[in-house]
Every structure is written in C-alpha cells, then in structure tokens.
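Understanding the architecture of this molecule
Take a look at the letters that make up each chain.
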Amino acid sequence: TEIDHMERSLKAQFKYADKLNAEYVGVIGDDELKNDEIQLKRMSDGTCVRIKTDALAEYLTEEE
C-alpha cells in the first residue's frame, strides 16, 4: 500500500505505481466516498472497475 503525501498529479502517481510494478491502483474520490466504492485499475492492461469497499478483499482474492 502506498499513499501519496507529496501532492503529485494523478498522472505522476500512476507513473510511480507503474515504476513500483504495482498490480493494482485504487482511486477514491468524492464520488467513491459518497457511494462507499473504490475505483480499481489493473496496471497490466488498464482495465478499471468500481467495486464496493467491503467487497475489495474478495475481488482481489478471486483475481489471483
């Protein structure tokens, strides 16, 4: 888990995640907070899904 404390742009944060070879990047913005969701991007192919935060662990376990 990484959290950006340097106030970099979203693009810069994705580049950094790619440099770290992160499998997934989770984005939580205002809409996601409101809906108790997380936007999850698979770095290998760029696909994005929105899932409920309480289903995150199950989703990631199924994806392995």
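Placed above this text is the structure.
Conventions adopted
- Residues numbered from 1 in each chain as written.
- Predicted model: local features only at pLDDT ≥ 70, side-chain atom pairs only at ≥ 80, totals over all residues.
- Heavy atoms only, no water.
- Helix = DSSP H or I, 4+ residues; strand = E, 2+ residues; numbered from the N terminus.
- Contact = heavy atoms within 4.5 Å.
- Polar contact = N/O pair within 3.5 Å; in protein donor to acceptor, adjacent residues only side chain to side chain.

What follows is about the environment of Arg 42. With respect to the helices and strands, Arg 42 occurs in strand 2 (residues 37-42). With 13 residues separating them along the chain, Arg 42 and Gly 29 place their C-alpha atoms 17 Å apart. Not counting residues up to four positions away in its chain, the partners in contact with Arg 42 are Glu 23, Tyr 24, Thr 47, Tyr 59 and Glu 63.

All right, on to the side chain of Glu 37 then. Its place among the elements puts Glu 37 in strand 2. Reaching out from Glu 37, the side chain makes a polar contact with the side chain of Arg 50 at a distance of 3.4 Å. Each residue touching Glu 37, except ones within four places of it in the same chain, is listed here: Ile 28, Glu 32, Arg 50, Ile 51, Lys 52 and Thr 53.

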